[in-house]
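In case you want the letters, here they are:
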Amino acid sequence: MPRYLIARLLGNRWNWLYTSWLSCARLADIESPQLPSPDWVKIRTRLSGICGSDLATITAKGSPYFSPFTSCPFVFGHEVAGEIAEIGPQVEGYDVGDRVVIEPVLPCEIRGIVQKCHQCQRGHYAGCENIARGEISAGVQTGYCRDTGGGWSKYFVAHKNQLHRVPDDVPDEIAVLIEPFACALHGVLQANLKDTDEILILGAGTIGLLTLAAIRHLGRTNRIYVVGKHQHQQKLARELGADVVFAPGKAIYRDFCRLTQAESYQPELGKPVILGGVDVAFDCVASTDTIDDALRMTRAGGQVMLVGMPAIPKNIDWTALWHKALNVRGVYAYGLESYDGKRIRTFSLGIQLLQQMGSELLPLVGGLFSLDNYQKAVQTALHTGKFGSVKTVFDLRSSY
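Residues numbered from 1 in each chain as written. Predicted model: local features only at pLDDT ≥ 70, side-chain atom pairs only at ≥ 80, totals over all residues. Heavy atoms only, no water.

> Give a detailed account of the packing of helix α8 (residues 252-260) against helix α9 (residues 288-297), specifying residues and quantitative values.
Relative orientation of the contacting elements α8 and α9 amounts to 30°, with a least axis distance of 12 Å. Considered as vectors, α8 and α9 are oriented roughly parallel to each other. Where α8 crosses over α9, the two elements pack in a sense that is right-handed. Facing I252, Y253 and F256 of α8, the residues of α9 in contact are D292, D293, R296 and M297. Its residues assigned to classes, the contact of α8 with α9 comprises 4 nonpolar, no polar and 3 charged. (Axes fitted to C-alpha atoms, helices over the stretch in contact; angles between N-to-C directions. Helix = DSSP H or I, 4+ residues; strand = E, 2+ residues; numbered from the N terminus. Parallel < 35°, antiparallel > 145°, perpendicular 65-115°, else oblique. Left-handed = near helix turned anticlockwise from the far one by under 90°. Contact = heavy atoms within 4.5 Å. Nonpolar A, V, L, I, M, F, W, Y, C, P; charged D, E, K, R; others polar.)

As structure tokens, this is what we get:
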């Protein structure tokens, strides 16, 4: 707790605290996890990404909401491309050496719970109600459960139902994007877009850019506006198919109204009130400012999709929610989707789309770091504007 409070109270002033001996996270040599039961495999990590939720935990800025569903000590890393190193006797269809990615959520079936919860029965297994029960310790997903290990290590374990084989023509640098791409794809599919909808994407980090890529590669030709903070993000957004890209700041409302023909009205206090705007807004940052902006910039009767993983947003003016009768929806992880007249796992569809894209998303994967250099990796992920990066990744391929 003292280390947590130091990071929370002083980290903004001294960023080096996040990767110092005062941090809650540390590099250590520990035993690799063992197979919990015969239907698990051990995976040798090849690449593992640094997610915004990992950074929120390290910087002590995340909400305590998930703390009851986390078992310590845990090893970070849920965006993972690896290869099977050991197979339990009840796992069929895979061989040692197969390249795989994992769906990191840990629902009923993975926990050995026969009577599935209400969410798992409906295929919404990312919302499993038994994530603190079963044969393994509490953990909403791999990377936050002490029994599974995580991708920021040489080895971790996964249940057979978490596995997805990586096609031969998909390189590791694309495979490591499958998990965040599935999150973005899930948000897009949940929005049920119409052909005439104008779309706003707030944020051009990993989730924002992957949301843009998902919309375009689902065959959508909608007009898309993207707000990107840094120049390299804006460039990538244009390359991935954004119609208009602009920067946040004082001029954002002026630029937005000019582009969308919306009307801006200034109250005595606070941000402008917008009449008109886009039909669907994807908030891929989930900060106080971006949630507030999404509500204001969406036209009456429109949709606001909260895709980013929030810290603890404060002082949001929710008046637009009922004045405009907005449909505001939180989007978390993935599950079973209704797509093209059938039900398909988000991960399976995501792998198909990424395979079609080829190398299009390779520019999103920037610095590759060894685990020994984790301080530089974390700092790079925290300061994407300074380093011109999008997705920071640990590369363990040369460590075996």
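> For the pairing of strand β11 (residues 278-283), give the residues involved together with the corresponding values.
In terms of residue burial, β11 counts as a mostly covered element, since 6 of its 6 residues are buried. Inspection of the sheet shows strand β6 (residues 199-202) paired to β11 by 4 bridges, in the parallel sense. In the sheet register, I201 faces β11, and the bridge partner there is F282. When β11 meets strand β12 (residues 298-306), the two strands line up parallel, connected through 5 bridges. Bridge pairing in β12 links V280 to Q303. In this view, the connection linking β11 to its parallel neighbour β12 by way of α9 has right-handed handedness. (Buried < 20%, exposed > 50% of the residue type's maximum accessible area, 1.4 Å probe, protein only. Pairing = 2+ DSSP bridges. Right-handed = clockwise from strand over helix to strand, strands pointing away.)

> Lay out the nonpolar core in plain terms, naming residues and giving numbers.
Counting residues in each nonpolar core, the largest one holds 65 residues, and the members touching the most others are I201, V226, F282, L361 and L364. Looking at this core, the elements that each hand over two or more residues are α4 (172-175), α5 (178-191), β6, α6 (206-217), β7 (224-227), α7 (231-239), β11 and α11 (346-357). Once you skip the residues sitting within four places of it in the chain, L364 turns out to touch L177, L209, L210, L236, L240, V390 and K391. Core analysis: the second largest hydrophobic core is formed by 23 residues, L202, F256, L295 and L326 among them. (Core = buried A, V, L, I, M, F, W, Y, C linked by side-chain atoms within 4.5 Å.)

> Can you tell me about α5, naming the residues and giving the values?
Helix length check: α5, at 14 residues, gives a terminal C-alpha distance of 20 Å against a target of 20 Å (1.5 Å per residue), a fit within 8%. Burial runs high along α5: 13 of the 14 residues are buried. A positive backbone phi angle near 50° is found at N192, which sits one or two residues after α5. (Expected span 1.5 Å × (residues − 1).)

> Can you tell me about the pattern of salt bridges, naming the residues and giving the values?
Summed over all chains, the structure comprises 22 salt bridges. Here R397 and E173 are joined by a salt bridge, their closest N and O atoms 3.0 Å apart. On the criterion of sequence distance, the pair formed by R397 in the segment after β17 (391-395) and E173 in helix α4 is long-range, its members being 224 residues apart. Relative accessible area serves as the criterion here: at 29%, R397 is assigned to the partly exposed category. Taking the shortest distance from any N to any O, the salt bridge between D395 and R397 comes out at 2.9 Å. (Salt bridge = Lys/Arg side-chain N within 4 Å of Asp/Glu carboxyl O.)

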